Amino acid sequence: MSLVLDSATQDLLFREARTANSFSDEPVTEEQVQAIYELVKYGPTAFNATPLRITLVRSPEARERLVQHMAAGNQAKTAAAPLVAILSADNEFHEELPALLPHFPQAKDAFFSERPVREQSAQLNAALQAAYFIVGVRAAGLAAGPMTGADFAGIQKEFLDADHTPLMVVNIGKPGEDAWFDRSPRLAFDQVVTTV
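Residues numbered from 1 in each chain as written. Predicted model: local features only at pLDDT ≥ 70, side-chain atom pairs only at ≥ 80, totals over all residues. Heavy atoms only, no water.

Undergrad: Lay out the packing of aromatic side chains with the relevant residues and their values.
TA: In the structure shown here, the tally under the stated rule is five aromatic pairs. Centroid distance Phe47 to Phe111: 4.9 Å. Interplanar angle 45°. Geometry classified as tilted. Of this pair, Phe47 sits in the loop between α2 (30–40) and β1 (52–57) while Phe111 sits in helix α6 (residues 107–112), and the two are 64 residues apart along the sequence. By relative accessible area, Phe111 is classed as partly exposed at 41%. With 5.3 Å between their ring centres and 85° between their planes, Phe47 and Phe112 make a pair best called edge-to-face. In this pair, Phe47 sits in the loop between α2 and β1 while Phe112 sits in helix α6, placing the two residues 65 residues apart along the sequence. (Phe/Tyr/Trp six-rings, centres within 6.5 Å; stacked < 30°, edge-to-face > 60°. Helix = DSSP H or I, 4+ residues; strand = E, 2+ residues; numbered from the N terminus. Buried < 20%, exposed > 50% of the residue type's maximum accessible area, 1.4 Å probe, protein only.)

Now the structure itself:
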């Protein structure tokens, strides 16, 4: 292969990695989460925006509140995972642009003065950051179980505010017994890539 990453790293991050459906009891530490963020914060976004917000659901009370908003098939997984993160998009991300884009501080007002434009940009760029977050979880030797089967309006009301749009809920931890479903097919190169 024409890749720089060795085969074991390719397996860890991509080929052998799957959505985990069960987890061991081993806790996920604050240090692990910090290390994941410090790695993935360098993922590319438009205007160097960082709209992703991560809400770690650690307390039993908060977990119980979250489980009530998960789809029936996701409730048990979310209740049992060592750590659960709510990933959301901050629709007021533009307020940080002068510090994050010091060579072009006027981008805040020139491009993002209107809320609908901010919301669209926040969701796209936070989704990019969320994908990097999942890869970062894998790089930490943990498994991720990202889910969109949830009542996001309820999650927003329970945990966020009107300026934050929930994108997904991610269960995080060491995989447990029978954590993986069989690998589903993927499209082949020729089905996806067109050269013009």
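Having put the structure on the table, let's press on.
Undergrad: Lay out a nonpolar patch on the surface in plain terms, naming residues and giving numbers.
TA: Taken together, Leu187, Phe189, Val192 and Val193 make up a surface patch of nonpolar side chains, about 430 Å² in accessible area. Within the fold, Val192 resides in helix α9 (residues 189–192). Its relative accessible area of 56% is what places Val192 among the exposed residues. (Patch = residues over 30% accessible without salt bridge, like charges linked within 9 Å, V, L, I, M, F, W, Y side chains within 5 Å. Areas by Shrake-Rupley, 256 points an atom, 1.4 Å probe, with all protein chains shown as cover. Salt bridge = Lys/Arg side-chain N within 4 Å of Asp/Glu carboxyl O.)

Undergrad: Quick one: what's the story with the sheet that holds β1, residue by residue and with numbers?
TA: Spatially, β1-β2-β4-β3 is the arrangement adopted by the four strands of the open sheet, whose pairing is antiparallel. Strands at the two margins of the open sheet, each flanked by one partner only, are β1 and β3 (143–147). Averaged over all pairs of adjacent strands, the angle between their axes in this sheet comes to 30°, without regard to strand direction. Pairing of strand β2 (residues 83–90) with strand β4 (residues 164–173), which is carried by eight bridges, proceeds in the antiparallel orientation. Among the inter-strand pairings, Ala89 is bridged to a residue of β4, identified as Thr165. In this fold helix α3 (residues 60–67) packs onto β1, β2 and β4, with an angle of close to 65° to the strand it touches most, β2. (Pairing = 2+ DSSP bridges. Axes fitted to C-alpha atoms, helices over the stretch in contact; angles between N-to-C directions. Contact = heavy atoms within 4.5 Å.)

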